[in-house]
Amino acid sequence: MKFSQSSLTWYTFPNLSLQHLLQREYTNTCKGRYLKKEIWRCLTRPTCSAPAFPAGRITALQALDVWKRHFVENGVTEPEQSSQYIIAHLLGAKTIESVEQQRLAEFLSKEETQQVWRLCSKRLSRMPVQFVIEEWDFRDLTLKMRPPVFIPRPETEELVELVLTDLQNHPGSTETTPTCLEVGCGSGAISLSLLKSLPQVKVTLSMIFKNIFLVLLLCCCFFCRLGLQDRLKVYHMDVIKEQMPGLFSSISVLVSNPPYLFSEDMATLEPEISRFEDRAALDGGEDGLNVIRQILTLAPDFLSNRGRIYLEVDPRHPALIRRWVEDNVEELRFVETRQDVSGKSVLQRDQHTFQEF
Ligand SMILES: C[S@@+](CC[C@H](N)C(=O)[O-])C[C@H]1O[C@@H](n2cnc3c(N)ncnc32)[C@H](O)[C@@H]1O
C-alpha cells in the first residue's frame, strides 16, 4: 500500500510528524517481521485438516454445503454464515442472498475452488470471517479488517446512532462546529461514521495500539478516500498513562467503546476473539472499569459546558459507574442508560453539570 506525501500530512501528532511516526513504526515492523510471520503462521494453522480438495468440478452451492458441514463437525461457530460470507465474497457479493441462483448453481473454476479452500481453511483455524475476507460493514461504511485491530460490533452502530441523533437535536448552544473526541479508535468505525454523517463535525481520535503503523494504514485509506481528513486529528496515546494536559478543549461529545470486559471473563472468550483480537481492546481490568474511570476523571478538563460523554459498557456497569461518578467526579451528572438490541451491552450517557438538557 502506498501513500502520497500529501495524503499523510493531515494527521497532527504531538511532537511528531506522521511521516516520521510511520517511518519509525515501519522500521520496527520490518525488524519484527520474521517473528511476526512465525507467530502468524502458528495462529492461522488449522488444528484440523480441510476436507479433501474436490477431484472434479463443484458448484458454489456444493462448496457451501461441504464447508458448512465441515465447520459443524469441527465446532466452528456460525458454520453456515461463515461459508456463506466467504463464498459470497469470492463471487463479488456481500451476502449469499444477493448472488443470483444461477451463479450459485454454476461450476466454480479451479482457481475459485482453490480460493474457497484457502479462505475456508483460515476460518477453520478460527480466524473471524471478517479477517478472512478482510473487510466488514459498519453502518454505511465498508471497513478494511486486519488482525488484531478490533472488529466493530453491531451494538456500536447503535452507540453511533444515539450520538448522531443527539448531535442533530442538541447541537450545542455556542458551538457552530461541534468537536467530538473518540477514545480508543480501533478501526476508526465510530469516528468515520460521525464525520461522514455530520459534515459540520470535527473529530479527534486517540488510540493506543502497539502496531500504530497498521492502524494508521487502515484508517488513513478510509479517511482519505472519503475526503474526511481535514476534519480529523489523531493522537497516539494511552489515556491511563498520559494526562492529556491542554491537548483538548471545548469537546462537545466524548464517545468511547472502551475495553470493558471484566478480566475474569477473558478466559471464556471464543478463540475467534481471544486469539485474533487485541487483548488491550477488550480487557478492562478486574471490574472492567480501568479505562472508563480514567476517561470520566479526565473528561471535565476538556468537555465544553454542554459537553456529553457516551460510553458503551457492560450490563453490570451502569450502577457501578453512576455511584463512582457521584463519589469522585462532581462536575459530571449521570443522564441515562440505554439497552442495546443485543441486550448484551448498555449505553451510558453522562453530561457535564453545566449542560441544560
Ligand atoms: C473495544 S475496542 C473499540 C474500537 C472501536 N472504537 C470500535 O468500537 O470498533 C477498544 C479500543 O480502545 C483502545 N484502548 C484500550 N486501552 C486504551 C488506553 N489506555 N488508551 C487509549 N486507547 C485504549 C484499544 O486499542 C481499542 O482500539
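Residues numbered from 1 in each chain as written. Predicted model: local features only at pLDDT ≥ 70, side-chain atom pairs only at ≥ 80, totals over all residues.

Asks: Account for the overall build of the protein, with residues named and values stated.
Replies: Assigned secondary structure in the protein consists of 14 helices and 9 strands. In the protein, which comprises 357 residues, the proportion classed as buried is 36%. Considering only contacts in the protein between residues 6 or more positions apart, those separated by 24 or more positions represent 69%. (Helix = DSSP H or I, 4+ residues; strand = E, 2+ residues; numbered from the N terminus. Buried ≥ 20, exposed ≤ 12 C-beta atoms within 10 Å, placed from the backbone. Contact = placed C-beta atoms within 7 Å.)

Asks: Outline unusual backbone geometry, supporting the account with residue identities and numerical values.
Replies: For residues that are not glycine, phi is negative in most cases, and the peptide bond is trans in most cases. Omega for the bond connecting Pro147 with Pro148 falls within 30 degrees of zero, at 5°, which places this linkage in the cis form. For Pro148, the location among the structural elements is in the loop between β2 (141–144) and α9 (154–169). Its identity is not glycine, yet Arg126 carries a phi of approximately 80°, on the positive side. Positionally, Arg126 belongs in the loop between α7 (110–124) and α8 (129–133).

Asks: Would you mind going over the packing of helix α4 (residues 60–73) against helix α5 (residues 79–90) in detail, with residue names and values included?
Replies: Between α4 and α5, the least distance of the axes is 8 Å, while the angle of their chain directions is 140°. The handedness of the crossing between α4 and α5 comes out as right-handed. In this structure, α4 uses Ala60, Ala63, Leu64, Trp67, Lys68, Phe71 and Val72 to contact α5, whose residues at the interface are Pro79, Glu80, Ser82, Ser83, Gln84 and Ile87. Partitioning the contact of α4 with α5 into residue classes produces 8 nonpolar, 3 polar and 2 charged. (Axes fitted to C-alpha atoms, helices over the stretch in contact; angles between N-to-C directions. Left-handed = near helix turned anticlockwise from the far one by under 90°. Nonpolar A, V, L, I, M, F, W, Y, C, P; charged D, E, K, R; others polar.)

Asks: Which residues make up the pairing of strand β7 (residues 303–313), and what are the values?
Replies: On a regular strand, one side chain projects to one face of the sheet and the next to the other, so that they alternate. Burial within β7 is extensive, with 10 of its 11 residues counted as buried. For strand β6 (residues 251–256) and β7, the ladder comprises 5 bridges, and the chain directions are parallel. Pairing of Val253 across the sheet is with Arg308, part of β7. (Pairing = 2+ DSSP bridges.)

Asks: Can you tell me about the nonpolar core, naming the residues and giving the values?
Replies: Ile86, Ile87, Leu254 and Ile292 are the most contacted members of the largest nonpolar core, which totals 63 residues. Residue contributions to this core reach at least three from each of two domains, namely domain 1 (5–21 + 139–352) and domain 2 (60–124). Each residue touching Ile87, except ones within four places of it in the same chain, is listed here: Ala60, Ala63, Leu64, Ile96 and Val116. (Core = buried A, V, L, I, M, F, W, Y, C linked by C-beta atoms within 7 Å. Domains from an automatic or database assignment.)

Asks: How would you sum up α9? Please name residues and give values.
Replies: Along its 16 residues, α9 runs 23 Å from first to last C-alpha, staying within 8% of the 22 Å computed at 1.5 Å per residue. Among all positions of α9, only Thr156, Leu159, Val160, Val163 and Leu167 are buried. The buried residues of α9 occupy an angular sector of 95° when the element is viewed end-on, so they sit on one face. Residues of α9 that are exposed and point over 90 degrees away from its buried face: Thr165, Gln168 and Asn169. (Expected span 1.5 Å × (residues − 1). Arc of directions from axis to C-beta.)

Asks: Just give me the short version of the environment of Val149, but keep the residues and values in it.
Replies: Structurally, the position occupied by Val149 is in the loop between β2 and α9. Judged by the 25 C-beta atoms lying within 10 Å of it, Val149 is buried.

Asks: How would you sum up helix α10 (residues 189–197)? Please name residues and give values.
Replies: Counting buried positions over the 9 residues of α10 gives 7, a clear majority of the element. Within α10, burial applies to Ala189, Ile190, Ser191, Leu192, Ser193, Leu194 and Leu195.

Asks: Before we move on, could you go through the environment of Cys120 and cite the residues and values that matter?
Replies: Mapped onto the fold, Cys120 is located in helix α7. Residues Cys120 and Ala50, 70 residues apart in the sequence, show an inter-C-alpha distance of 8.2 Å. Ignoring any residue separated from it by four or fewer positions in sequence, one finds Cys120 in contact with Ala50, Trp67, Ser83 and Ile86.

Asks: So what's going on with the packing of α5 against α7? Residues and values would help.
Replies: Here α5 crosses α7 at 140°, and the two axes come no closer than 10 Å. Where α5 crosses over α7, the handedness of that crossing is right-handed. Contacts between α5 and α7 involve Ser82, Ser83, Ile86, Ile87 and Leu90 from the former and Glu112, Gln115, Val116, Leu119, Cys120 and Arg123 from the latter. Grouping the constituent residues of the contact of α5 with α7 by class yields 6 nonpolar, 3 polar and 2 charged.

Asks: Got a sec to walk through the confidence of the model for the protein? Specific residues and values, please.
Replies: Confidence along the protein averages 81 in pLDDT terms, with 73% of residues attaining 70 or more. Within the protein, the element-level pLDDT minimum falls on helix α1 (residues 5–8), averaging 25, and the maximum on α5, averaging 98. The model gives residues 1–27 a pLDDT under 50, and that stretch makes 26 contacts with residues more than four places away or in other chains. For residues 353–357, every residue scores under 50 in pLDDT, and the model assigns this stretch 11 contacts once sequence neighbours within four places are set aside. (pLDDT = per-residue confidence, 0-100.)

Asks: Any chance you could break down the environment of Cys185 for me, citing the residues and the numbers?
Replies: Within the element layout of this structure, Cys185 appears in the loop between β3 (179–183) and α10. Sequence separation of Cys185 and Thr204 is 19 residues, and the distance between their C-alpha atoms is 9.8 Å.

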